[in-house]
Amino acid sequence: MEGDSKPLLDPVCRGSYTDKGSTDSLDRGARRPFHVEHRNIVENEPSERVSAEASVLSSRVHYYSRLTASSDRLLSPPDHVIPCQEELYVYSPLGMAFKVTGGDGGAKNPSIITIFAIWNTMMGTSILSIPWGIKQAGFTLGIVLLISMGLLTLYCCLRVLKSPKSIRKTISTYIDTSDWEFPDVCKYYFGKFGQWSSLVFSMVSLIGAMVVYWVLMSNFLFNTGKFIYSKILYNYKLYKLIDMVCLFPNTRLPPPVICPFPDTGDHRGNSGISGLYLNTNNYGNDTSDTAVFDRWWSKTNTIPFYLIILLLPLLNFRSASFFARFTFLGTISVVYLIILVTLKAIRLGFHLEFHWLETTQFYVPEFRLLFPQLTGVLTLAFFIHNCIITLMKSNKHQENNVRDLSVAYLLVGLTYLYVGVLIFSAFPSPPLSKDCIEPNFLDNFPSSDVLVFVARTCLLFQMTTVYPLLGYLVRVQMMSQVFGKHYPSFFHVFTLNIFIVGTGVCMAKYYPNIGSIIRYSGATCGLALVFVFPSLVHMISQKRRGELSWPSAIFHSLLIVLGVANVAGQFFM
């Protein structure tokens, strides 16, 4: 009689049948394709026809699969009817049969490809602000913070990566988390609050990146146009440098390094600098043509508005697949930046003096109270937590995920360290002060520099292609959550894009400081997605398994406190 209470359809036991004999195998316990015998395949072609009976049965099974949730196995075929890997076909109700070639529907990448994919994804605009961040913290403290933030963000990223699997260890019933992302994990543990808060902080990181891109594109377009105009105006000769003080006054060569904004206040970090500056408003010997050009080609007054004509239409595309083809330009740009930094360091040499606490005319202390500005930049520089689960799914050897992610973070940290240390060390002090290092270190080189002109042009083209991709991610995440559709209507999408573009234009006109924009957005999104949610998820998971210890609770609580302090430091330091 005890069997009378047993349901007619039993859920499939968790992990009952998994083919582990191949790295490209299909998890039969998680995916149960509809199968008919091979004799029902009419023709042996790449896209093979199946009989009408098989097509009808396929439609019927697809109908039954809609009666239960995707994680419910009540109407799933049993294990013994699932054929071997080489005999699996996906049958369409339209009468087509496609042979299954991979367990996850896509090719797996070796570890080296996965590592460099992570490296390429993390190498963003933050690399341009690393030298400025080291200057704000002090040379010695900056290096220590860069290494420490790299280790902390790596640990939190590992917690994010392991969070879907930790759910299956804490419950007795089966939940398929193979397709879950970190927002799904947050929703599981914290309900609607976790879902919407993770969405909000993800939007902060994406929109913050788009604002930085708009500021940088305005900067690069301005300097590129100025370089071309000057070459044309002066007939491809060494054109005169307008409103810049040459480092070598006895020569007629362009200065290798400039200090554009010496006395513009603490918001640019250039207080207390001598009179080496760029004044773009007044120049007694300007011709009328140059004055007209300066009026219509202004970095803050006109260029941000010119970009609207180019980029706003691109944001309204339904698909971003065309722009995804140019993602390789990011790798080329970063490699070129590394080469550029190396050549500049060889030319300029090293200029270092160690003053541990006192400030001098040309050097900054090794330890400064402005160090939270660097930690804010580094939070975004090492931020990949919202997409790391997706990136690691394509790794061929899943057992090496921890090792591969650690190696990727090591390469990212070494790249940041290399660029930051070389630019800071090679900055010529004297005659310029280290406080002259700009939030975008390319601004410390004149528009006439050919190597820097190439870098700005490459970065401008790369950002023009990446910007619509970021807008597409913002639209998909926001519209799907609010309206349930990726493209609800042209009006909805256009309104969202107007808001995003308007924010970028306002920041490029009134506050074009990418260092501050990066640190504010990095610390804000990092508070939730880097420090708070990964730590809370891990502690709750340990608590449910009965494995939470006092050292673990104290350590992860300290991580949360550090995240809060990182945000607070951006406003008070």
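Source: prediction; values computed, not measured.

Student: When you look at the overall build of the protein chain in this model, what are you seeing that I'm missing?
Tutor: Of the regular secondary structure elements, the protein chain holds 16 helices and three strands. In the protein chain, buried positions account for 49% of the 573 residues. For the protein chain, the share of sequence-separated contacts (at least 6 apart) that also reach a separation of at least 24 residues comes to 78%. By element, 65% of the accessible surface of the protein chain is carried by carbon and sulfur atoms, the whole surface being about 27,900 Å².

Student: When you look at the packing of helix 3 (residues 130-137) against helix 10 (residues 372-381) in this model, what are you seeing that I'm missing?
Tutor: Close contact between helix 3 and helix 10 brings their axes to 7 Å; oriented N to C, the two are set at 150 degrees. The angle between helix 3 and helix 10 falls in the class roughly antiparallel. Contacts from Ile130, Trp132, Gly133, Ile134, Gln136 and Ala137 in helix 3 reach Gln373, Leu374, Val377 and Leu378 in helix 10. Looking at the contact of helix 3 with helix 10, its residues break down into seven nonpolar, three polar and no charged.

Student: Would you take a moment to explain helix 10 for this structure?
Tutor: The α-helix winds at 3.6 residues per turn, so residues separated by three or four positions along the chain end up facing the same way. Counting buried residues along helix 10, 10 of its 10 residues qualify, which places the element largely inside the surrounding structure. Among all positions in helix 10, only Pro372, Gln373, Leu374, Thr375, Gly376, Val377, Leu378, Thr379, Leu380 and Ala381 are buried. At its buried positions, helix 10 is contacted by helix 2 (111-122), helix 3, helix 4 (139-168), helix 12 (401-426), helix 15 (514-545) and helix 16 (550-572).

Student: Before we go on, may I ask you to explain the state of the cysteines in this structure?
Tutor: Disulfide: a covalent bond formed between the sulfur atoms of two cysteine residues. Per the stated rule, a full pass over the model turns up one disulfide. Across the disulfide from Cys259 sits Cys436; the S-S distance is 2.1 Å. Taking the sign of the torsion about the S-S bond as the criterion, the disulfide between Cys259 and Cys436, at about -80 degrees, is left-handed. Of the two residues, Cys259 sits in the loop between helix 5 (182-233) and helix 6 (288-296) while Cys436 sits in the loop between helix 12 and helix 13 (450-482), which places them 177 residues apart along the sequence. Residue Cys259 is classed as buried on the basis of its relative accessible area, which comes to 4%. Taking relative accessible area as the criterion, Cys436 reaches 0% and is therefore assigned buried. Here Cys157 stays unpaired: no disulfide links it, and the sulfur of Cys387, its closest cysteine neighbor, is 8.3 Å away.

Student: So what exactly am I meant to see when it comes to the packing of aromatic side chains here?
Tutor: The description of an aromatic ring pair uses the distance of the two centres, along with the angle that the planes make with each other. Across all of its chains, the model carries 17 aromatic pairs by this definition. On the numbers, 6.4 Å between centres and 50 degrees between planes, the contact of Tyr189 with Phe190 is tilted. Taking the relative accessible area as the measure of exposure, Tyr189 reaches 10% and is therefore buried. With 5.9 Å between their ring centres and 10 degrees between their planes, Phe382 and Tyr409 make a pair best called stacked. Residue Phe382 is located in the loop between helix 10 and helix 11 (388-393), and its partner Tyr409 is located in helix 12; the two are separated by 27 residues in the primary sequence. For Tyr409, a relative accessible area of 4% puts it in the buried group. In textbook terms, an aromatic cluster arises when at least three aromatic residues are bridged by ring pairs, as seen for Trp180, Tyr188, Tyr189, Phe190 and Phe533. Just above the ring of Tyr510 sits the side chain of Lys509; from NZ or CZ to the centre is 5.5 Å. One residue, Arg519, lies across the ring of Tyr520, its end atom 4.5 Å from the ring centre.

Student: I would appreciate a short explanation of unusual backbone geometry in the present structure.
Tutor: Keep in mind that most residues, glycine aside, have a negative phi and that most peptide bonds are trans. Put simply, Ser429 and Pro430 share a cis peptide bond, and its omega is -15 degrees. With respect to the secondary-structure elements, Pro430 resides in the loop between helix 12 and helix 13. Pro430 connects to Pro431 through a cis peptide bond whose omega is 10 degrees. When you line up the elements, Pro431 lands in the loop between helix 12 and helix 13.

Student: Explain the packing of helix 10 against helix 15 here, please?
Tutor: When two helices pack together, their arrangement is given by the angle between the helix axes and by the axis-to-axis distance. At a minimum axis separation of 7 Å, helix 10 and helix 15 run at an interaxial angle of 65 degrees. Crossing angle aside, the handedness with which helix 10 passes helix 15 is left-handed. Listed contacts from helix 15 to Gln373, Gly376, Val377, Thr379 and Leu380 of helix 10 are Gly515, Ile518, Arg519, Ser521, Gly522, Ala523, Cys525, Gly526, Val530 and Phe531. For the contact of helix 10 with helix 15, the per-class residue count stands at seven nonpolar, seven polar and one charged.

Student: What's the story with a nonpolar patch on the surface in this structure? I'm lost.
Tutor: Together, Val335, Ile339, Leu343, Ile346 and Leu451 line one region of the surface with nonpolar side chains, adding up to about 440 Å² of accessible area. It is helix 9 (residues 328-348) that provides the largest number of residues to the nonpolar patch, a total of four residues. Residue position: Val335 is located in helix 9. Accessibility expressed as a relative area gives 38% for Val335, which makes it partly exposed.

Student: Please clarify how the pattern of salt bridges should be interpreted in this entry.
Tutor: Considering all chains together, one arrives at six salt bridges under this definition. In this structure, Lys393 engages Glu181 in a salt bridge whose closest nitrogen and oxygen atoms are separated by 3.8 Å. With Lys393 in helix 11 and Glu181 in the loop between helix 4 and helix 5, this pair connects stretches of sequence that are 212 residues apart. Notably, a salt bridge pairs Arg368 with Asp435, separated by 3.7 Å at the nearest N-O pair. Remark: Asp435 occurs in the loop between helix 12 and helix 13 and Arg368 occurs in the loop between helix 9 and helix 10; sequence separation between them is 67 residues. Here the two residues Arg368 and Asp435 agree in accessibility, since each one is buried. Several salt bridges converge on common partners, so that one network encompasses Lys135, Arg368 and Asp435.

Each value, and the rule that gives it
Residues numbered from 1 in each chain as written. Predicted model: local features only at pLDDT ≥ 70, side-chain atom pairs only at ≥ 80, totals over all residues. Heavy atoms only, no water. Helix = DSSP H or I, 4+ residues; strand = E, 2+ residues; numbered from the N terminus. Buried < 20%, exposed > 50% of the residue type's maximum accessible area, 1.4 Å probe, protein only. Contact = heavy atoms within 4.5 Å. Areas by Shrake-Rupley, 256 points an atom, 1.4 Å probe, with all protein chains shown as cover. Axes fitted to C-alpha atoms, helices over the stretch in contact; angles between N-to-C directions. Parallel < 35°, antiparallel > 145°, perpendicular 65-115°, else oblique. Nonpolar A, V, L, I, M, F, W, Y, C, P; charged D, E, K, R; others polar. Disulfide = S-S within 2.5 Å. Phe/Tyr/Trp six-rings, centres within 6.5 Å; stacked < 30°, edge-to-face > 60°. Lys NZ or Arg CZ within 6 Å of the ring centre and 35° of its normal. Left-handed = near helix turned anticlockwise from the far one by under 90°. Patch = residues over 30% accessible without salt bridge, like charges linked within 9 Å, V, L, I, M, F, W, Y side chains within 5 Å. Salt bridge = Lys/Arg side-chain N within 4 Å of Asp/Glu carboxyl O.

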